[in-house]
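Structure at a glance
Spelled out from the first residue to the last, the chains are:
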Amino acid sequence: MTAPVIGASIRRKEDHRFITGQGRYTDDINRHGQTHAYFVRSPHAHAKLRGVDTSAARAAKGVVGVLTGADLAADKLGGLICGWMITSKDGTPMKAGAHPALAVDTVRYVGDHIAIVIAETYGQAKDAAELVKVEYEELPPVVDPAKAQSDATQVHAEAPRNTIYQWEIGNKPETEAAFAKAAQIVKLDLTNNRLIPNAMEPRACVGEYDDATSGYTLYVTSQNPHVARLVMSAFIGIAPEHKLRVVAPDVGGGFGSKIFIYAEEVVCTWASKKVRRPVKWTAERSESFLSDAHGRDHVTHAELALDADAKMLGLRVKTIANLGAYMSTFSSSVPTYLYGTLLSGQYDLSAIYAEVDAVYTNTAPVDAYRGAGRPEATYVIERIVEEAARQLKLDPVAFRRKNFVRKFPHQTPVIMNYDAGDYDASLDAALKLADYAGFPARKAAAKAQGKLRGLGFSTYIEACGLAPSAAVGSLGAGVGLWESAEVRVTPTGGVEVFTGAHSHGQGHETTFAQVVAGRLGIPMENVEIIHGDTNSVQFGMGTYGSRAAVGLTAVSRALDKIEAKAKKIAAHVLEASAADIVFENGEFKVAGTDRKLAFHEVALNAYVAHKFPTSEIEPGLKESVFHDPTNFTFPAGTHICEVEIDPDTGVTTIVSFTAVDDFGNVINPMIVEGQVQGGIAQGIGQALLEHGVYDKDSGQLITGSYMDYTMPRADDLPSYKLGFTVTPCPSNPLGMKGCGEAGAIASPAAVMNAVTDALGVKEFNMPATPSRVWAAIHRTRAAAE
Amino acid sequence: MPSVAMTVNGKAASGEVETRTLLVHFLRENLRLTGTHVGCDTSQCGACVVHVNGKAVKSCTMLAVQAEGAQVTTIEGLAKDGTLHPVQAAFKEHHGLQCGFCTPGMIMTAVDMIRRIPNLDEKTIRSELEGNLCRCTGYQNIVKAIDAASKEMKGAHA
């Protein structure tokens with residue numbers, strides 16, 4: 001009997017190629033006859049295009065072609081789409097402006113695409129791009145989402161008052177009634193700062209047209225190559241799906257930003273036929289800052305109604321969500337169904353009403369970034385709950401416990417049906433790990449040294465898996481959110497798993513192999529996980545929303561089918577009844593006898609097909625499953641942050657960060673801990689350091705490089721104390737919930753609750769940079785004097 | 001175009017380059033050593049760190065022609081005869097990588113750090129990593145890996 005594979009911290013199979021420099025990222029791919037592209041981008045936030053003269057660029061050394069929006073329009077290519085229809089509370093559909101891959105008559109943000117210059121070398125393309133003469137008629141930009149609806153500037157004529165939709169969720173009359181009878185109402189204004197995802201690998205693509213097959217191949221930094229192919233075929237019209245192969249090779253991080261279908265990959269694919277040569281483009285980091293989809297950017301007012309016994313009665317929320325200059329692929333869903341549905345948190349709240357206005361501004365498009373809507377929801381509920389405890393002078397732990405959901409399943413007023421959880425268990429474990437009992441003494445000790453200590457909680461819940469396809473379809477999703485798996489057993493007993501779940505750092509090649517090896521009782525090295533190529537995997541929805549559990553369930557169900565068929569074959573070979581065959585430890589045995597076959601022996605028999613009637617059982621051993629989950633999964637837990645602030649410098653130091661998460665059953669604890677650590681780092685980055693800032697007058701991106709946008713470095717962050725509690729997820733056979741985003745979802749509220757605790761202030765917006773903290777301390781002191 | 005010649009991973013390497021060609025582009029484009037990555041355009045991220053004459057250098061901040069005659073080691077040249085360098089092994093053992101994109105630069109930086117500083121602790125390692133960005137790991141396991149490799153290498157030399 002070997003040690004269990006599922007649940008073990010097995011070292012990653014994919015690591016060898018990465019630590020030896022043999023990863024194969026998109027920019028590492030070089031095709032025969034390849035050209036290089038550079039995009040001419042708008043230097044203005046808002047302008048009419050009065051003319052684009054490409055003649056000088058075309059004549060420049062090495063230039064192969066220059067193409068503009070007029071060329072795209074002449075070829076009748078469709079624009080970029082938003083794939084989730086949101087309906088406003090008045091019943092009207094969202095008001096989306098056109099989104100051409102290359103601008104036709106107007107540019108709407110700094111970095112908007114105007115032309116592609118294609119040359120023999122990258123340097124030649126970049127040099128020639130400077131020769132493209134663009135005549136602009138500058139228009140005033142609108143930048144601030146809070147003012148977008150009253151600004152004279154119209155980003156798109158289709159969306160009056162720059163308002164894309166006015167959406168609502170929850171029950172308004174019940175919520176008003178709850179507030180009418182409240183003993184106390186707590187109010188809070190919050191902003192959720194704009195973030196720039198910054199996967200370390202910049203976006204890149206190589207488009208290639210093959211005249212022999214009249215087919216295209218696109219190599220691209222994508223989290224979901226099949227969705228890219230579908231959109232580029234069905235909506236943009238580059239080629240029929242069967243004539244477009246999309247390959248997402250090794251992808252250097254995504255965090256949501258590589259879900260979307262971007263202008264550059266569309267244009268390079270299309271252009272490869274125009275110039276009859278492969279066209280390669282790789283973003284410079286400055287271009288990533290300008291044109292990758294950004295995240296968050298909410299302005300929110302929240303109110304919490306409480307009875308005299310500190311029981312939560314109702315929550316009402318009004319949010320303005322900035323979607324930027326165009327609606328990115330899934331942008332509309334983020335501040336609606338990924339946000340409003342999580343506003344109940346871990347609390348038994350019977351009345352919730354939330355309104356969200358989505359607005360256009362002259363800034364980069366905003367879409368899903370790690371957590372996507374759920375960090376924003378968690379920030380609202382966890383900040384106002386902590387504030388309520390302070391106003392009521394209650395211990396924040398006791399206040400939370402008083403309001404926790406404890407009976408499952410639990411139907412919230414905002415769609416979600418929580419299936420399982422134990423919020424006290426993760427809170428208890430976190431309190432112990434964080435030594436909450438010792439905090440008053442630590443605070444006093446810090447005070448004696450002139451330092452300000454604060455502690456903050458975030459008892460979060462999130463939703464992963466992105467749920468039954470019919471359910472998301474009824475909410476406006478343009479796609480189903482199932483996942484596929486095909487398991488092919490080779491004649492010698494090796495196993496190839498084709499999954500639609502893409503891996504870009506999550507370690508699927510290891511965890512998926514663990515599930516297969518554990519289930520079939522074969523060595524990990526006999527399992528190959530294949531993903532990221534539409535020519536290999538039939539279809540799949542990709543990886544985002546911590547949804548690999550959906551893909552793993554598909555694999556698990558395909559293995560059920562493999563086992564069932566293998567048992568039938570084994571029964572014939574062993575001359576026994578199929579009902580008497582048991583499968584354990586990788587062997588098919590006739591129950592109660594010593595007759596048995598190893599897995600690889602059954603595999604060989606399946607392909608040789610000598611010993612069973614092929615009229616009843618087809619030769620071969622290959623099964624596939626399209627798995628549609630029956631519910632979201634609901635990871636939850638407690639994060640506790642303890643900070644110390646130096647009032648002289650305003651520097652906030654995280655002295656301790658504790659996270660106890662309930663992800664259900666864990667396949668590989670080492671990988672899951674890594675996901676949590678990375679998520680927390682991004683959340684701390686949001687809370688203390690990161691902020692995507694546009695100049696209010698010019699619409700120029702001020703934080704457009706690593707010199708200006710403060711990505712957390714190693715010495716900005718502590719090591720974390722992590723723990724797990726487990727309530728298995730009832731809606732999938734492995735009991736998993738998803739772990740990729742929880743860190744980024746939970747941690748910003750914990751940090752800011754700690755910072756506001758230390759500062760003794762109510763409202764303080766992220767990021768808590770030293771200058772802002774220092775200013776807050778001095779404002780408080782000035783007010784006291 | 002000028003020609004440039006250097007020794008890369010123990011082998012003679014040469015090529016024609018534009019004078020503006022950066023060392024990282026010479027390595028990636030001319031020599032097809034794509035393990036060295038480009039993650040930014042402001043010398044901030046460290047994905048391109050290689051060793052030039054034994055010292056860690058951001059190869060995006062050096063012209064190819066400046067490396068004329070130099071001994072250059074890239075991530076591809078770190079393992080010897082199929083045996084991983086202790087830092088490479090430690091990154092795998094301690095899950096010091098996720099997407100792998102920053103990893104070559106992190107490993108090359110770590111090897112140099114361990115060579116220069118005999119007694120590394122967590123604070124020093126974090127401080128020494130100031131030139132390398134990672135977006136996936138939160139650095140905790142990178143720090144752990146470097147610490148472990150440092151101790152192991154010291155033990156081996158003791």
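Residues numbered from 1 in each chain as written. Chains lettered and ligands numbered in written order. Predicted model: local features only at pLDDT ≥ 70, side-chain atom pairs only at ≥ 80, totals over all residues.

This paragraph deals with the domain arrangement of chain B. Residue and element names in this part refer to chain B. Here chain B is described as being made up of domain 1 (3-77) and domain 2 (86-157). Each of domain 1 and domain 2 has a C-alpha centre, and the two are 21 Å apart. Taken together, the contact between domain 1 and domain 2 spans 15 residues of the former and 11 residues of the latter. Where the side of domain 1 that touches domain 2 is concerned, the elements lending two or more residues are strand S3 (49-52) and strand S4 (55-58). It is S3 that provides the largest number of residues to the side of domain 1 that touches domain 2, a total of 3 residues. Among the residues forming the side of domain 1 that touches domain 2, the class breakdown is 7 nonpolar, 7 polar and 1 charged. (Domains from an automatic or database assignment. Contact = placed C-beta atoms within 7 Å. Helix = DSSP H or I, 4+ residues; strand = E, 2+ residues; numbered from the N terminus. Nonpolar A, V, L, I, M, F, W, Y, C, P; charged D, E, K, R; others polar.)

A few words on the interface of chain A and chain B. Facing the 43 residues of chain A at the interface are 43 residues of chain B. Elements with a minimum of two residues in the side of chain A that touches chain B: helix H1 (15-19), helix H8 (285-291) and helix H17 (669-689) of chain A. The element best represented in the side of chain A that touches chain B is H17 of chain A, accounting for 7 residues.

All names here are of chain A. One finds Val117, Val516 and Val555 to be the most contacted residues of the largest nonpolar core, which totals 307 residues. In terms of residue count, the dominant contributor to this core is helix H15 (residues 548-573) (13 residues). Those residues in contact with Val117 that sit more than four places away from it in its chain are Ala37, Tyr38, Val40, Ala57, Val63, Val66, Ala125, Ala128, Ala129 and Val132. (Core = buried A, V, L, I, M, F, W, Y, C linked by C-beta atoms within 7 Å. Buried ≥ 20, exposed ≤ 12 C-beta atoms within 10 Å, placed from the backbone.)

All names here are of chain A. For strand S22 (residues 581-584) and strand S23 (residues 587-590), the ladder comprises 4 bridges, and the chain directions are antiparallel. Within the sheet, the bridge partner assigned to Val582 lies in S23 and is Lys589. Counting the residues that bridge the hairpin from S22 to S23 gives 2 residues, and of these Asn585 lies at a positive phi of roughly 50°. When S23 meets strand S24 (residues 596-598), the two strands line up antiparallel, connected through 3 bridges. For Phe588, the partnering residue across the bridge sits in S24 and is Leu597. Hairpin connection, S23 to S24: the antiparallel pair is bridged by 5 residues, and Gly592 has positive phi, about 80°. (Pairing = 2+ DSSP bridges.)

To continue, consider the sheet that holds strand S1 (residues 3-8) of chain B. All names here are of chain B. An order of S2-S1-S5-S3-S4 is seen for the 5 strands of this open sheet, with the pairing classed as mixed. The open sheet has two edge strands with one neighbour each: strand S2 (11-16) and S4. Direction aside, neighbouring strands of the sheet carry axes that sit 40° apart on average. Of the pairings in the sheet, the one linking S3 to S4 comprises 4 bridges and is antiparallel in character. Looking at the pairing, Val49 lines up with Lys58 of S4. Those strands touched by helix H3 (residues 103-116) are S3 and S4, and its axis lies near 40° from that of S3. (Axes fitted to C-alpha atoms, helices over the stretch in contact; angles between N-to-C directions.)

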